[in-house]
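Working through the structure, step by step
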Amino acid sequence: MTSKVVVVLVMLYLSGFTCGIRLDGNGYTDILIAINPAVTEDPLLIERIKEMMSDASSYLFQVMKNKLYFKDVTILVPPNWTGKYSRANTETYEKANIKIDEPNKLNGNDPYTLQYGECGTPGRYIHLTPDFLKRDDLIQVYGPRGRVLVHEWAHLRWGVYDEYDDKNPFYTDDGILEATRCTRDMTGEWRSRSGFTCTPTNTNGEQSDCHFFLHEFQTAKASVMYLQSIDSVVQFCNEENHNTKAPNDQNRMCGGRSVQEVIFYFSVDSQNIPSTSLPSPSPEPTFSVVQRKQRVVCLVLDVSGSMKGQRIVRQRQAASLFLKQIIEDQSYAGIVTFHSTASVLKPLTLIDNLETREKLADLLPTNPDGGTEICLGLFKGLEVLKTLDGFSNGKEIIFLTDGESNSPIDCVKDAVTSGAIVHTISLGPKGDPLMEEMSKKTGGKFFYAGDTLTSNELVDVFASLTTSDGDLTQQTIQLESLGSTVSGSGLFSGTVSIDKTIGNNTAFVILYELSPPLIVLIESPSGNKYNTFTPDPKGKSLTLNIPGTAETGKWTYTITNNGQAQTISITVTSRAVSADVPPVIVKTHMNQQSSNGAQAMVVFAEVSQNGLPVIMADIRATLESDAGDKQELDLLDNGAGADVFKNDGIYSRYFTQMKGGKYNLKVKVQNGYGKARFSRKRRSAAMYIPGYVVDGKLELNPPKPSVGEEDLVADVGNFSRTAIGETFTVTLPPGVLTATKFPPNTITDLNAELVKDRVLLTWTAPGEELDQGTASEYEIRYNEDPDLLRSNFSTAHLINSSNLLPNESGSSEQLFFTPTNGTMRNITTLFFAVKAVDKEMLSSETSNLAQVTIGNGVNIVTSPSPVVCSVCVFVWALCVFSLQVAPITLIASHH
């Protein structure tokens with residue numbers, strides 16, 4: 001099977017990643033644009049969004065040869081806007097494909113896409129600012145808004161990458177200095193901002209004041225992923241004109257493939273792009289503007305006979321936490337119970353103070369009995385939702401059950417047509433499989449939770465069900481969630497950090513299995529002691545609400561058991577310290593919600609504050625199945641293995657030890673030493689245009705706002721966070737007990753440079769199996785032809801690397817070598833690539849290509865114009881005679 005076919009099948013398997021978007025014939029539907037509550041209401045913004053999407057649709061139609069356009073778009077406005085808008089159904093801010101939010105100090109008004117998957121994997125969302133949409137002066141530095149949107153759409157939908165590169169803006173090709181771009185037909189000149197011809201330099205990633213200024217008037221038709229703002233650009237780079245030598249993310253991530261190849265052979269749409277073209281002009285998109293108001297939630301809780309014992313207690317504990325700590329102020333909550341029949345335990349009630357919360361929690365059921373009629377529970381929940389204003393659409397049901405329905409479930413379609421969002425929770429291993437289908441089809445989340453307190457799974461599920469309107473200052477943040485089996489007189493103790501971004505509504509909740517612990521003591525950083533808790537004997541819980549704003553620093557908890565061994569857990573929650581200080585948040589998810597074991601899964605965790613990536617945190621992920629199989633992984637932000645970009649606040653790791661079953665994902669994040677900081681790593685984004693050369697004269701745009709070192713200081717203090725992802729499923733073929741054995745991961749950060757008279761290669765070590773363990777050996781090759789390295793690696797020149805023993809995955813590797821004899825022409829560009837091999841002789845894919853130019857001079861040209869200057873950039877220590885490069889002596893080392 002060819003690699004194209006293999007990747008097509010994989011991408012079809014992952015095609016649900018871009019939330020909600022569908023390709024219906026030639027038109028994209030269900031595109032969701034959401035505006036953050038921090039954005040001031042402005043009708044002009046709505047009109048500019050419509051203009052942008054209409055222009056983008058026309059440009060997309062042209063670029064894709066009349067085969068694709070935007071068919072329908074929904075705009076979700078914030079709940080605090082006062083205009084008259086249609087009622088939202090299942091649309092929420094967190095599901096948006098395009099988010100409109102205020103700028104932060106690092107990204108400014110840059111339009112960008114949050115993208116951190118493999119080549120061909122869709123991104124998470126496009127981020128635009130109100131100024132980008134309303135300020136016409138920004139068109140000069142980014143280009144027309146519709147064209148910019150198509151550039152970002154290619155990131156979002158098709159998983160392609162930029163063809164320019166800020167860190168590597170130039171490279172040499174057999175003595176000719178070229179700007180990193182695609183295609184090479186795009187012409188320009190190397191100039192300083194003062195207008196003089198110059199030679200660019202790159203020292204430790206810092207660029208000189210020498211930029212490649214494009215000629216304003218071009219004839220090149222490609223490429224959109226380099227600079228879509230040029231009038232002549234109406235194509236993506238394809239197999240014929242793609243610049244495989246450019247050191248950009250597209251080549252690094254996609255193995256030198258062109259953007260068009262990725263779209264047509266490797267993307268989620270590769271099998272669905274129509275073969276026929278529509279007549280011009282493109283159809284106009286249709287728009288809907290909708291709004292979600294107050295949050296309205298109905299808990300639908302199982303009280304059938306199978307819930308007797310610990311399960312009814314677990315349900316009460318978790319639902320009590322939701323009502324007391326999680327659901328937001330000014331929301332509405334109701335409670336429905338069901339067994340053989342369904343009844344309303346409490347109608348919708350406004351959450352306006354602590355007393356209301358506690359009264360609702362006290363009503364939670366404790367006496368299970370009877371059968372399980374799931375559809376009756378759903379119908380009663382929908383009935384409760386409609387009592388407020390006659391509608392159920394846009395409201396939520398949190399539906400928990402531990403068993404299969406006594407009657408066939410034929411109400412999934414009713415859930416869908418209601419317009420309500422239904423989150424479903426399967427408590428224990430026998431939950432009805434149709435519950436997962438119900439949540440998926442209504443835009444809800446599905447969770448499995450075990451019975452025990454040790455993992456605290458059910459509490460974590462309810463703690464994760466916060467609002468999703470984009471206002472993070474109103475959300476409850478889970479800081480700690482930990483359970484332990486404690487001996488009769490044993491201690492259960494630990495610390496949790498309250499950082500500078502949180503502290504309001506802080507609560508410590510202790511859950512126990514049999515009877516209350518003898519002593520529970522909470523101590524603040526300054527030494528204040530708290531030992532008076534609000535008990536709930538029916539729910540076997542103790543709750544401490546810290547008055548006012550909790551002190552910043554490390555809090556200590558000490559729990560002394562009462563004489564009989566039992567399981568005890570602790571959950572700590574808090575909220576933003578003020579409406580003006582966005583909290584540090586953590587989001588986690590898998591790259592897919594189901595797997596057949598043939599492809600490795602990836603764990604992701606995103607750590608940020610107000611959209612700024614938080615780096616240098618310590619993250620431990622736990623993946624546990626309903627059968628008890630458990631694996632812990634340290635997630636990394638090192639730009640290697642599963643991690644695409646170093647220091648972008650996205651921490652990743654491959655999950656390989658898959659067995660069949662339902663899996664839960666939980667991450668714990670620590671910044672125990674206060675070392676975390678913001679990152680200046682930019683997202684996948686349209687280029688900020690420095691200016692143009694017009695009739696030989698340099699016309700400058702305003703310089704891009706700089707980011708100072710002080711802007712990177714994350715002055716938040718020590719922080720703790722806990723977060724979970726949705727339950728995911730691994731279904732292995734019959735008779736197969738574990739997933740496929742995977743080869744070492746592809747090396748994507750290979751780098752080459754000249755150090756005096758030697759070439760230095762550096763990269764991050766892969767593992768024995770993807771990014772875990774230690775590989776057995778490396779195969780390192782070089783050639784003057786980069787395409788040969790990619791297409792026929794084994795025929796390139798081999799470097800003897802027998803004395804280079806791979807180090808553990810994640811380690812830094814380096815290799816020095818020099819030619820010992822032989823010849824090469826006066827100026828030669830060499831390309832290098834590496835494969836890693838495991839003990840079973842499984843080999844990784846070919847790495848990204850690294851290159852150095854060896855010789856006595858490099859020419860700078862303003863292609864295709866004549867040479868304008870020549871500089872001696874490298875001096876090679878040996879004589880240069882002909883075309884072949886000699887055998888190589890190497891020196892290898894590890895770090």
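Quick summary incoming for the structure in this document. (Residues numbered from 1 in each chain as written. Predicted model: local features only at pLDDT ≥ 70, side-chain atom pairs only at ≥ 80, totals over all residues. Heavy atoms only, no water.)

1. Quick look at the pattern of salt bridges
- Taken as a whole and assessed by the stated rule, the structure comprises 41 salt bridges.
- Notably, a salt bridge pairs glutamate 178 with arginine 181, separated by 3.1 Å at the nearest N-O pair.
- For glutamate 178, a relative accessible area of 4% translates into the label buried.
- A residue is classified by how much of its surface remains accessible, and arginine 181, at 1% relative accessible area, is buried.
- Here glutamate 383 and lysine 380 are joined by a salt bridge, their closest N and O atoms 3.5 Å apart. In this pair, glutamate 383 and lysine 380 are both assigned in helix α11 (residues 374–386), three residues apart and thus about one turn of the helix distant.
- Within the structure, one salt-bridge network assembled from shared partners comprises Asp173, Glu178, Arg181, Arg184 and Lys245. (Salt bridge = Lys/Arg side-chain N within 4 Å of Asp/Glu carboxyl O. Buried < 20%, exposed > 50% of the residue type's maximum accessible area, 1.4 Å probe, protein only. Helix = DSSP H or I, 4+ residues; strand = E, 2+ residues; numbered from the N terminus.)

2. A short note on the sheet that holds strand β43 (residues 697–700)
- Read from one edge to the other, the open sheet built from four strands follows the order β12-β15-β42-β43, with strand pairing classed as mixed. Strand pairing shows two members of the sheet lacking a second neighbour, β12 (188–191) and β43, which therefore form its edges. Strand-to-strand twist in this sheet, taken as the mean axis angle between neighbours without regard to direction, amounts to 35°.
- Across four bridges, strand β42 (residues 691–694) lies against β43 in antiparallel orientation. For valine 693, the partnering residue across the bridge sits in β43 and is leucine 698. (Pairing = 2+ DSSP bridges. Axes fitted to C-alpha atoms, helices over the stretch in contact; angles between N-to-C directions.)

3. A look at unusual backbone geometry
- Geometrically, the link from cysteine 182 to threonine 183 is a cis peptide bond, its omega value of 5° lying close to zero.
- The topology assignment puts threonine 183 in the loop between β11 (176–179) and β12.
- Note that the residue after serine 280, namely proline 281, is joined by a cis bond; omega there is -5°.
- Inspection of the secondary structure assignment puts proline 281 in the loop between α8 (259–265) and β16 (286–291).
- You will see that asparagine 456, though not glycine, has its phi angle at about 60°, which is positive.
- Checked against the element boundaries, asparagine 456 lands in the loop between β22 (446–449) and α14 (457–464).
- One non-glycine residue, lysine 540, adopts positive backbone phi at about 50°.
- Tracing the chain through its elements places lysine 540 in the loop between β28 (534–536) and β29 (541–545).

4. Some remarks on the nonpolar core
- Counting 79 residues, the largest nonpolar core has Tyr28, Ile35, Met53, Trp158 and Phe236 as the members making the most contacts within it.
- If one sorts the elements of this core by residue count, helix α2 (residues 43–63) sits on top with nine residues.
- Ignoring any residue separated from it by four or fewer positions in sequence, one finds isoleucine 35 in contact with Leu45, Ile46, Ile49, Ile75, Leu76, Val77, Pro78, Trp81, Tyr93 and Ile100.
- Counting residues in each nonpolar core, the second largest holds 44 residues, with Leu106, Ile619, Tyr651 and Leu665 among its members. (Core = buried A, V, L, I, M, F, W, Y, C linked by side-chain atoms within 4.5 Å. Contact = heavy atoms within 4.5 Å.)

5. Some remarks on the packing of helix α9 (residues 310–326) against α14
- Interaxial distance between α9 and α14 falls to 9 Å at its minimum, and their mutual angle equals 30°. The angle between α9 and α14 falls in the class roughly parallel. α14 is crossed by α9, and the crossing has right-handed handedness. Between α9 and α14, the contacting residues are Arg314, Gln315, Ala318, Ala319, Leu321, Phe322 and Ile326 on the first element and Leu458, Val459, Phe462 and Ala463 on the second.
- Of the residues assigned to the contact of α9 with α14, the class counts are nine nonpolar, one polar and one charged. (Parallel < 35°, antiparallel > 145°, perpendicular 65-115°, else oblique. Left-handed = near helix turned anticlockwise from the far one by under 90°. Nonpolar A, V, L, I, M, F, W, Y, C, P; charged D, E, K, R; others polar.)

6. Describing α2
- Given a rise of 1.5 Å per residue, 21 residues ought to cover 30 Å, and the 30 Å separating the end C-alpha atoms of α2 matches this to within 8%.
- The N-cap of α2, judged by a side-chain oxygen 2.9 Å from the amide nitrogen of leucine 44 a few residues on, is aspartate 42.
- Directly beyond the C-terminal end of α2, a positive phi value near 55° is found at lysine 65. (Expected span 1.5 Å × (residues − 1). Polar contact = N/O pair within 3.5 Å; in protein donor to acceptor, adjacent residues only side chain to side chain.)

7. Topic: α14
- Here α14 lies mainly inside the structure; seven of its eight residues are buried.
- Along α14, the residues classified as buried are Glu457, Leu458, Val459, Asp460, Val461, Phe462 and Ala463.

8. Some details on the side chain of lysine 835
- With respect to the helices and strands, lysine 835 occurs in strand β51 (residues 827–837).
- Although lysine 835 lies buried, it forms no salt bridge, and the closest oppositely charged side chain, glutamate 779, sits 5.9 Å away as judged by the N-O distance.
- Setting aside chain neighbours within four positions, we find lysine 835 in contact with Glu777, Tyr778, Glu779, Phe793, Ser843, Ser844, Glu845 and Thr846. (Lys, Arg positive; Asp, Glu negative; His and termini not counted.)

9. Description of a negative patch on the surface
- The grouping of Glu216, Asp231, Asp695 and Glu699 at the surface amounts to a negative patch.
- Within the element layout of this structure, glutamate 216 appears in the loop between β15 (211–215) and α6 (224–227). (Patch = residues over 30% accessible without salt bridge, like charges linked within 9 Å, V, L, I, M, F, W, Y side chains within 5 Å. Areas by Shrake-Rupley, 256 points an atom, 1.4 Å probe, with all protein chains shown as cover. Charge placed at Lys NZ, Arg CZ, Asp CG, Glu CD.)

10. Focus: the packing of aromatic side chains
- Under the counting rule described, the total for this entry stands at 21 aromatic pairs.
- Centre to centre, the rings of tyrosine 161 and phenylalanine 645 are 5.9 Å apart; their planes meet at 65°, and the pair counts as edge-to-face. Placement of tyrosine 161 in the loop between α5 (145–158) and β10 (170–173) and of phenylalanine 645 in the loop between β37 (630–635) and β38 (650–655) is noted, with a sequence separation of 484 residues between them. For the pair tyrosine 161 and phenylalanine 645, a shared accessibility class is recorded, and that class is buried.
- Pairing phenylalanine 338 with phenylalanine 399 gives two aromatic rings, centres 5.4 Å apart and planes at 70°, and the pair type is edge-to-face. Taken together, the residues span a long stretch of sequence, with phenylalanine 338 in strand β18 (residues 332–338) and phenylalanine 399 in strand β20 (residues 396–401) at a distance of 61 residues. Like phenylalanine 399, phenylalanine 338 is buried.
- Joined through ring pairs, the aromatic side chains of Tyr28, Phe70 and Trp153 make up one cluster.
- Lying across the ring of phenylalanine 266, arginine 257 places its NZ or CZ 4.4 Å from the centre. (Phe/Tyr/Trp six-rings, centres within 6.5 Å; stacked < 30°, edge-to-face > 60°. Lys NZ or Arg CZ within 6 Å of the ring centre and 35° of its normal.)

11. Quick word on the sheet that holds strand β2 (residues 27–29)
- Read from one edge of the open sheet, three strands run β1-β2-β4, paired in mixed fashion. The open sheet has two edge strands, β1 (22–24) and β4 (69–70), and neither has a second partner.
- Sheet topology places β2 next to β4; two bridges connect them, and they run parallel. The residue of β4 that forms the bridge with glycine 27 is tyrosine 69.

12. As for empty space enclosed by the protein
- This structure, assessed with the given rule, holds six cavities of 30 Å³ or more.
- Approximately 80 Å³ is the volume found for the largest cavity.
- Along its surface, the largest cavity is lined by 13 residues, and Leu636, Asn638, Ala640, Asp771 and Gly810 are the ones closest to its centre.
- Along the lines of polarity and charge, the residues of the lining of the largest cavity split into four nonpolar, seven polar and two charged. (1 Å grid on protein atoms, 1.4 Å probe; cavity = no way out; pocket = protein on both sides within 12 Å on 5 of 7 lines; lining within 4 Å. Points joined across faces, edges and corners; volume = space filled by probe spheres on them.)

13. Digging into the environment of isoleucine 35
- For isoleucine 35, the location among the structural elements is in strand β3 (residues 31–35).
- Placed 44 residues apart in sequence, isoleucine 35 and proline 79 show a C-alpha to C-alpha distance of 9.8 Å.

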